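Architecture and fold: a report
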Amino acid sequence: MERIFWAECPTCHHNFYCSHRELRHARVKLLCPFCHARFLPEEAASLDERDRPPGAEVKGSNN
Amino acid sequence: MPKDLRGFLHELRARPDELIEVDRPVRPHEFEVTALLKQLEDRGRHPALLFQHPTDQHDRPSEFRLLTNLYASRARCAMMFGVDPATPNYELSREFGRKARETVAPLVLSSGAPVQECVWRGSEADVGRLPIVRHFTMDIGPTLTMTHVMRSLEGHYDISFAKTFYTWDPHRMVVSIHTRDLHRIIREYEARGEPAPIINVLGHHPAFHHGSLARNAWEVDDYAMIGSFLGEPLRLAPSVTWGDRFMVPADAEIIIEGEIPPGERDICDPFGEVPRLYQAQCLRPVFQVKAITFRRNAIVQDIFSGFHDCYPLNAVATEGALEMALRPRFPNLHALHMADSGSALMAIYIALKDIRPGQAEEIGRLALERSPVLHCAVIVDDDIDVFNEGEVLWAVHTYTNLQRGITILPETSGVAHGQPWSGFGPSNWGGKVVIAANRPTDFAFGSRSEVPAEVIAQTRLADYLPPAALARMR
C-alpha cells in the first residue's frame, strides 16, 4: 500500500494528497490542483500524514 | 480499406444506442464531458459519445472532435475483435487470449500516411489546441488518457496506456507511466544520457488501444502483436521527427511526437485512476512536444477512468491472459471474470465444473499470483454466471463456510502484493483472499431453486406482455 499525506493549500485551503515517499521530504514544491499555488509541504496550512496503524496488516490465514 | 477509428464508428452507427453524436459545444477542460458521462452512468447507460464541437484549452472551438466511453460495453469490444456482439462475455476473453499469442508483420508505407495529412511543428505544435478532458474534481488538470509508443534500444516497439498531463505550457507535458516495459525503455535512454522518443496516439481503431493491454514478453514487437488484434497488418509510416528511426501508426487520428529529456521530472497527479481513487501527486518524466500530426477532421479519444469505460478494457485483457495460463492446469475451468465492482482490477470470479477438494484455494491462489493488484478471488460452481455479480454474491452468502472457506494470504505469503510504483493510488489492502463459494458436496446440502428451463424457453415475454411494457424494458 502506498503511503500518502494530505496537504491543505495555504492559498485556497483545498485539500489534496501526495506520495509520501516521493514528495514529503524531497524539497520539491507541491502543486495545488485547485488554484495552482506552489508550496513546500512545510508551508501547507495543515498536513495529515498519519501512517497505517501498526498491526493493521493481516497476520495470516484462518485455515 | 485499412482498419481505423472512422471505419469502426461507421459500423457503430448501424447499431442503435451504441453511439451518440453531440452537436452542442462542450467544454472538456471544465468537467462538462465527465459530467454528462456520470449522468449516463447513473442511469445504467453506456453509449459511446462523439462530441462534434468541443473547445480547446484556450476555450476556443477546437478543430478536433472528441470521442469517449467507447469501451464501456463488452458488446462494442466484441465488435472490435470480430467476435459476435451477442456473445460478448467469455467468448471475447478467450479470443483476446488467443490473439495475444500471435503476431502479424506490419506494413510500411513510404508516403501518404493519413495521420500526416496535417503537421504542426515548432510554435504551431501547441497541445492546448486539443480538446483535453479534465475528468475529476481533484485532478491536477486536463489529462490525455490513451496509448503511448516507445522503441527499445534493441529496436522493438512497446505500446502502453499512460496518462499525459497538460501543464499550460504549449510544448511541455508530464507523462505518468505504469508499465514495466516503458519504464525500462526510459531507464535505458537515461543511462545513455539521451532523450527518449515517445509518441502519444490519441485515436486509432479501438483494437489498437485495447490490444496494447495484452501481456507479452519484453522482446515482442507490439506493432506486430497489434496486427493480430486488428486481423490485418498494422500500417506504419516514418515519423516526421525521427524519420524511419521511429515508425508511427499511419492510420491513427492524431499523434503527438515528443521526447523525454533524460532525468527531467515534474509534478503530476492527482488523477482519478482506474480503481476510482485518485493517484497521489508525484514526480514523473517530462514529455517535450516536437510535432503534432493528424488527419483532417481528426478525433481525439479519451477514457472515462474509474467507470464502465475502463472495465471491459482491463477485464477482457486479464481474463484472456488468465484463461491461457490456467486452462492447462485446470481443464475443468468453466469461465472467469474480472468483477466490475473491483474496477476489473482487484477482484476475480472463477467458475469451475465439478470442483475437487482443495481446488478452489489452489486456482484462487494461482490467479492472485498473476497480478500485484488483484487481491480477491471468489470460486464458484459452473452453474453460477460469473458475469452476473448478483449470482456470485448469492453463492458467497449461501455456500461459503465462513470458518473454513476463506483463505487469507498475508503480505508475507510470497504472493505478489501491490507496490507503490503500481501507480493505482492508495488502498486499504493488507493481504489477499480466496473465497470458496462453491456448493458443499461433502455432506447433504440443499440445492438452488430453479424454474424449469424448457418452460422458460417456451413461454416468451413477447407473447404475454403488452407491447408498450415490453418496449420500456429494452
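All values derive from a computational prediction rather than experimental measurement.

Looking now at the confidence of the model for chain B. In this model, chain B carries a mean pLDDT of 94, and residues with pLDDT of at least 70 account for 96%. Across the interfaces of the predicted complex, the ipTM metric reaches 0.90, alongside a pTM of 0.93.

A separate point is the sheet that holds strand E21 (residues 376-381) of chain B. In sheet architecture, strand pairing relies on hydrogen bonds along the backbone and comes in two forms, parallel and antiparallel. Residues and elements named next belong to chain B. Read from one edge of the open sheet, five strands run E19-E20-E21-E23-E22, paired in mixed fashion. The open sheet has two edge strands with one neighbour each: strand E19 (333-338) and strand E22 (406-409). The sheet shows a mean angle of 15° between the axes of neighbouring strands, taken without regard to direction. By the bridge criterion, five bridges tie E19 to strand E20 (residues 347-352) in an arrangement that is antiparallel. Within the sheet, the bridge partner assigned to Leu336 lies in E20 and is Ile350. Its contacts with the sheet put helix H10 (residues 389-399) on E20, E21 and strand E23 (432-436), and the angle it makes with E21 is roughly 85°.

Before going further, it helps to spend a moment on the sheet that holds strand E2 (residues 15-19) of chain A. Residues and elements named next belong to chain A. In spatial order, the strands read E2-E1-E5; together these three strands make up an open sheet with antiparallel pairing. On the outer flanks of this sheet lie E2 and strand E5 (46-48), each paired with one strand and no other. Across the sheet, the mean angle separating the axes of adjacent strands is 25° when strand polarity is ignored. Sheet topology places strand E1 (residues 4-8) next to E2; five bridges connect them, and they run antiparallel. When the sheet's bridge partners are listed, Phe5 is paired in E2 with Cys18.

On to the packing of helix H4 (residues 90-99) of chain B against helix H8 (residues 311-326) of chain B, then. In helix packing, the relevant descriptors are the interaxial angle and the interaxial distance, both defined with respect to the helix axes. All names here are of chain B. One way to put it is that H4 packs onto H8 with a least axis distance of 7 Å and a crossing angle of 70°. Regarding the angle of H4 to H8, the classification is roughly perpendicular. Taken together, the residues of H8 that come into contact with H4 (itself represented by Leu92, Ser93, Arg94, Phe96 and Gly97) are Val316, Ala317, Glu319, Gly320, Ala321, Glu323 and Met324. Tallied by class, residues from the contact of H4 with H8 come to six nonpolar, three polar and three charged.

Analysis parameters
- Residues numbered from 1 in each chain as written.
- Chains lettered and ligands numbered in written order.
- Predicted model: local features only at pLDDT ≥ 70, side-chain atom pairs only at ≥ 80, totals over all residues.
- pLDDT = per-residue confidence, 0-100.
- Pairing = 2+ DSSP bridges.
- Helix = DSSP H or I, 4+ residues; strand = E, 2+ residues; numbered from the N terminus.
- Axes fitted to C-alpha atoms, helices over the stretch in contact; angles between N-to-C directions.
- Contact = placed C-beta atoms within 7 Å.
- Parallel < 35°, antiparallel > 145°, perpendicular 65-115°, else oblique.
- Nonpolar A, V, L, I, M, F, W, Y, C, P; charged D, E, K, R; others polar.

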